[in-house]
Each structure stands twice: as C-alpha cells, then as structure tokens.
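# Structural features, examined
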Amino acid sequence: MPVQMAQYGTKHSHAAGKITAMQENPEVKLVGVFEPDSEHRAQLADSDTCFATVRWFDSAQEMLADPAIVAVASEGLNIESLDQTEEIVAAGKHVWYDKAPGDNWAQWQRVVAAAREKKLLIQMGYMLRYHDGFHLIAEWARSGLLGHIFSIRAHMSTNIPKDRRKQVNAHRGGIFYELAGHMLDHIVWILGRPAKATCYLRSDDYGTSERVDGFADNTLGVFEFEQAMAMVDIAAMETEPMARRYEVYGTAGSAVIVEPFEPGSQIRLCLAVATEEYAAGVQMVPIQSRSRQELYDQELKAFLRTIAGQQEPDRLPEHDLLVQETLLRAVGTLVD
C-alpha cells in the first residue's frame, strides 16, 4: 500500500519539486496540500503547475487530524515552517522538512526532542546529501583517503529577484541564512563542530532595481576548527548559470567537484600515494549527474525507506541540530 502523505505550505523554493516527487513516486499517495495563504492557494490552484490537480485542505487541522496521513512535507517559508513543523510533530506524523529550520534555536531543539520522544523522523531537505559527488567526497574524507582535512571551500551563489530578497530578508544573515546550510551540512559531517564561526554580511548589489536595503547579498562565512578551516561564500546576484564549487583539501589528497556542482559529472581527485582503486597524482573520477528533481526524488526514497524501517536515517538528529546551530552562530543569531 502506498504511504499517504500531505504537504504543509507551498512558498518554499523547493515546494514544487517536493510535490512533483510525491506525485511521481508509486510508493506515495499524495492526499492533499494545505496553504494558509488563501490568495496564494487560489493562484496555485488556477495555475498550470504541479499544484493544479492537488486536493486543497481547508485547514491545517483537517490535514493533521487525518490518521491515514503518515507523513507531511513541510514546505512553508522559512519564517513560518518551524511553527508548522512543530504542529506536524505534535500530530504524530513524520516530517520531510525543508531547510532552514527557523531562527528560534530553543524551538528547534524542542521540536527535535519531541520527534525523538514520539519516534518520528524529521528528515531535512538538504538535497546535496544525495548528490553522488558530495557523497563520494564525504566517504573519502571520513575514511582517511585524503589524510587530515585542513581546508574546505564552498561557493554557492545564486541570483534572486527583489520579491524573493524581501522574503529572505526576514532572517538575520540574508542570502547566507538561505543557502549556507547546504554546505554546512557537509562541512560539519566531515569536520564536526567548529570552535569559531564568523560571517561577513554585506549589502553590495549597487545600482540595480533588485536591491533591497539591508539585505545581506554578498556574504562569507569562515569556520575555524582545531586543525582546519572552512570557507563558504554566497552572493545573491551572480550571473547565471552560477559557477558553484565544492573543494576539500587534505594532507594526503584533495577532491574538487568540477564546477558547476549541479548537476556535476566528475571529481578532480589528486592523491599523494596510489591506492588499489586510484592512481597517484591527478585523475578525473566520473560521477552520475542528477538533476535537482532527481535529487528530490532520492531524498524521498531515503525518507520512505527510513520510516519503513528499511534503513537507518542518513543523518541523526544530533547532526541536524549541529548544522543549524553552526548557521545561527555564523550569522550572529546565537552568540558563543
């Protein structure tokens, strides 16, 4: 029998992709969607998008009180989604939750604790966990193939219009808050908790009609570990297509996903000493390219396997807490 799922919210930038993943997965029955903004709901219902054919719940309670619904995708704006996720957990349902989990650190800790007590899964929507290149580099780094990791560098800029900037500006950190979690998800998976997190938040998009006063659109995060550093730079006005990069450097080797990392097709691997599988020196390691939608599909498959007891979670709650704590420390919402 297909797993019955629903979606709470539609305004997250990943919301349409998550609906599509549920609609196309034969193991899921998408029961319906609740969007608290009635005007926005009407616009989507009258569109030619993936939302045109969904059932719309009249209230959150109608959705959350349905005992047949096992899990809910939490896809509201970041300013609203943590409250919505808390409602979902309180209703006893698993959550496929899109980043980032709000600004209220105490509330996020409370929601994670409640889910743990109820034996519910909260799987975060960091889709690059399911990117073959990021996954392989993490294996190399954590296995010791690259030696001691002393540096990680990530560039994940974007280009967003004024209305989107206004939405994101609700959060301290601007575009860094919006996107850095994707990179921090991998950085802390490899290096653990940074001893120090610093962020430079600038508003530099001068002379354009898309500028929003006070919006941090040119940002750099620096994360210091006992014997390593990581740097994440993100801007909101890079010319498309963006040249997104991810680089990991160790004392025995380095690994760089050849840009752009979406969809990604190969890794530049450089090793000081040959292994059974790889040669010394530089080599190009092919990886399977996946579209963004394919990454959402992989997320959902892992989510379903986990709630069915067929696999352990790809990340434990402690990791997801650490990612968000690191992000909030960096932008200054949490002070060391």
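The structure under discussion appears in the preceding block.
What counts and what doesn't
- Residues numbered from 1 in each chain as written.
- Predicted model: local features only at pLDDT ≥ 70, side-chain atom pairs only at ≥ 80, totals over all residues.
- Heavy atoms only, no water.
- Helix = DSSP H or I, 4+ residues; strand = E, 2+ residues; numbered from the N terminus.
- Rg over C-alpha atoms; globule rule 2.2 N^0.38 Å.
- Buried < 20%, exposed > 50% of the residue type's maximum accessible area, 1.4 Å probe, protein only.
- Contact = heavy atoms within 4.5 Å.
- Areas by Shrake-Rupley, 256 points an atom, 1.4 Å probe, with all protein chains shown as cover.
- Pairing = 2+ DSSP bridges.
- Axes fitted to C-alpha atoms, helices over the stretch in contact; angles between N-to-C directions.
- Parallel < 35°, antiparallel > 145°, perpendicular 65-115°, else oblique.
- Left-handed = near helix turned anticlockwise from the far one by under 90°.
- Nonpolar A, V, L, I, M, F, W, Y, C, P; charged D, E, K, R; others polar.

## A word on the overall build of the protein
Per the secondary structure count, the protein includes ten helices and 13 strands. Whereas a compact globule of 336 residues would reach a radius of gyration of roughly 20 Å, the protein reaches 20 Å, a difference of no more than 12%. C-alpha extents for the protein along the principal axes are approximately 60 × 50 × 40 Å. The 336 residues of the protein split such that 54% are buried. Counting contacts in the protein only where the partners sit at least 6 residues apart, residues at least 24 apart contribute 70% of the total. For the protein, the accessible area works out to roughly 14500 Å², and carbon and sulfur atoms hold 50% of it.

## Some remarks on the sheet that holds strand 1 (residues 3-8)
The strand order 2-1-3-4-5 describes an open sheet built from five strands, whose pairing is parallel. Pairing within the sheet leaves two strands with one partner each, and these edge strands are strand 2 (28-34) and strand 5 (122-124). Adjacent strand axes in the sheet meet at a mean angle of 20°, parallel and antiparallel pairs treated alike. In the sheet, strand 4 (residues 94-97) pairs with strand 5 via three bridges, with the strands oriented parallel. By the bridge assignment for strand 5, Trp96 is matched with Gln123. Sheet contacts for helix 5 (residues 105-117): strand 4 and strand 5; angle to strand 5, the most-contacted strand, approximately 130°.

## With respect to the sheet that holds strand 11 (residues 253-257)
Overall, mixed pairing links the eight strands, which are arranged 7-8-9-6-10-11-12-13 in an open sheet. The two strands at the open ends of the sheet, each matched to only one other strand, are strand 7 (196-202) and strand 13 (281-286). Direction aside, neighbouring strands of the sheet carry axes that sit 10° apart on average. Bridge count for strand 7 against strand 8 (residues 218-225) is seven bridges, and the pairing is antiparallel. Among the inter-strand pairings, Thr198 is bridged to a residue of strand 8, identified as Val222.

## Some details on the packing of helix 1 (residues 15-24) against helix 9 (residues 292-307)
Between two packed helices, both the angle of their axes relative to each other and the distance between the axes serve to describe the pair. The interhelical angle for the contact between helix 1 and helix 9, taken along N-to-C directions, is 60°, at an axis separation of 9 Å. On the basis of the axis angle, helix 1 is oblique to helix 9. Crossing of helix 1 against helix 9: the hand is right-handed. Where helix 1 abuts helix 9, its residues Gly17, Lys18, Thr20, Ala21 and Met22 lie against Gln293, Tyr296, Asp297, Glu299 and Leu300. Taken together, the residues of the contact of helix 1 with helix 9 sort by class into four nonpolar, three polar and three charged.

Any functional reading would require information that these geometric values do not contain.
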